[in-house]
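Fold and geometry: a report
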Amino acid sequence: YEPFKDELFLAIRGCGSYLNGEQINVSKASSISSSLILTEFGYGRIADDLDNGWNVLRKFLLKNVHGVRMLGSAVVDLCYISNGRLDALYSGLSGGSWKPWDYAAGVLILTEAGGYICDINGDEFNLYSPTIIATSTKELAEEIKE
């Protein structure tokens, strides 16, 4: 539930994802240049970790990303990709990786809405992965991980 917008996101495995009772789907964005990408710096404040995060932002900007956002909530990030407001999430390089309770519900909502999820190496995502790429399409995830 997103109280500031009075939005209830939910999903049932095998039955799709919904926002306030209406079925939702991810966008069709398949390239960085047409995407709004989310990232989160987390709570790590070690210089090398922060440099990794800044380098990722630099990479996206040099690839002419449409825009970069930081919302501050893992599950909201995933829900906003699920209904097509945003196109991708790249996180976990700045230390303080997410925990399963931060995004478990969002992962189900995203996958049921047709989204794709993996770790930053392109390997299968699991709830204990320290990094995450969540996208509207597999093609977008492939470009992001390059």
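A brief structural summary. Remember, predicted model here, so these are calculated numbers, not experimental data.

1. Notes on the sheet that holds strand 6 (residues 88-91)
Taking strand neighbours across the sheet as the criterion, the 5 strands line up as 5-4-6-8-7 in an open arrangement whose pairing is mixed. What marks the edges here is a single partner per strand, and that holds for strand 5 (67-69) and strand 7 (116-118). Each neighbouring strand pair of the sheet contributes to a mean axis angle of 20°, computed without reference to strand direction. With 4 bridges joining them, strand 4 (residues 36-40) and strand 6 adopt parallel strand pairing. Looking at strand 6, one finds that Ile37 is bridged to Ala88.

2. Focus: helix 2 (residues 74-82)
By the criterion of burial, helix 2 is predominantly enclosed, with 8 of the 9 residues buried. Along helix 2, the residues that are buried comprise Ala74, Val76, Asp77, Leu78, Cys79, Tyr80, Ile81 and Ser82. Those residues of helix 2 that are buried are in contact with strand 1 (9-12), strand 3 (22-24), strand 4, strand 6, helix 3 (100-112) and strand 8 (132-135). Following helix 2 by one or two positions, Gly84 has its phi on the positive side, about 85°.

3. Here's the deal with unusual backbone geometry
Phi at Asp6 takes a positive value of approximately 55°, unusual for a residue other than glycine. Even without glycine at this site, Asn20 takes up a positive phi of about 50°. Tracing the chain through its elements places Asn20 in the loop between strand 2 (16-19) and strand 3. Residue Asn20 is classed as partly exposed on the basis of its relative accessible area, which comes to 47%.

4. Examining the sheet that holds strand 3
The 3 strands are arranged 1-2-3 in an open sheet whose pairing can be described as antiparallel. In this open sheet, the two edge strands, each paired with only one partner strand, are strand 1 and strand 3. Taking the axes of each pair of neighbouring strands and ignoring which way they run, one obtains an average angle of 40° across the sheet. Taken together, the 3 bridges between strand 2 and strand 3 define a ladder with antiparallel strand orientation. Looking at the pairing, Leu19 lines up with Glu22 of strand 3.

Thresholds, definitions, all that
- Residues numbered from 1 in each chain as written.
- Predicted model: local features only at pLDDT ≥ 70, side-chain atom pairs only at ≥ 80, totals over all residues.
- Heavy atoms only, no water.
- Pairing = 2+ DSSP bridges.
- Helix = DSSP H or I, 4+ residues; strand = E, 2+ residues; numbered from the N terminus.
- Axes fitted to C-alpha atoms, helices over the stretch in contact; angles between N-to-C directions.
- Buried < 20%, exposed > 50% of the residue type's maximum accessible area, 1.4 Å probe, protein only.
- Contact = heavy atoms within 4.5 Å.

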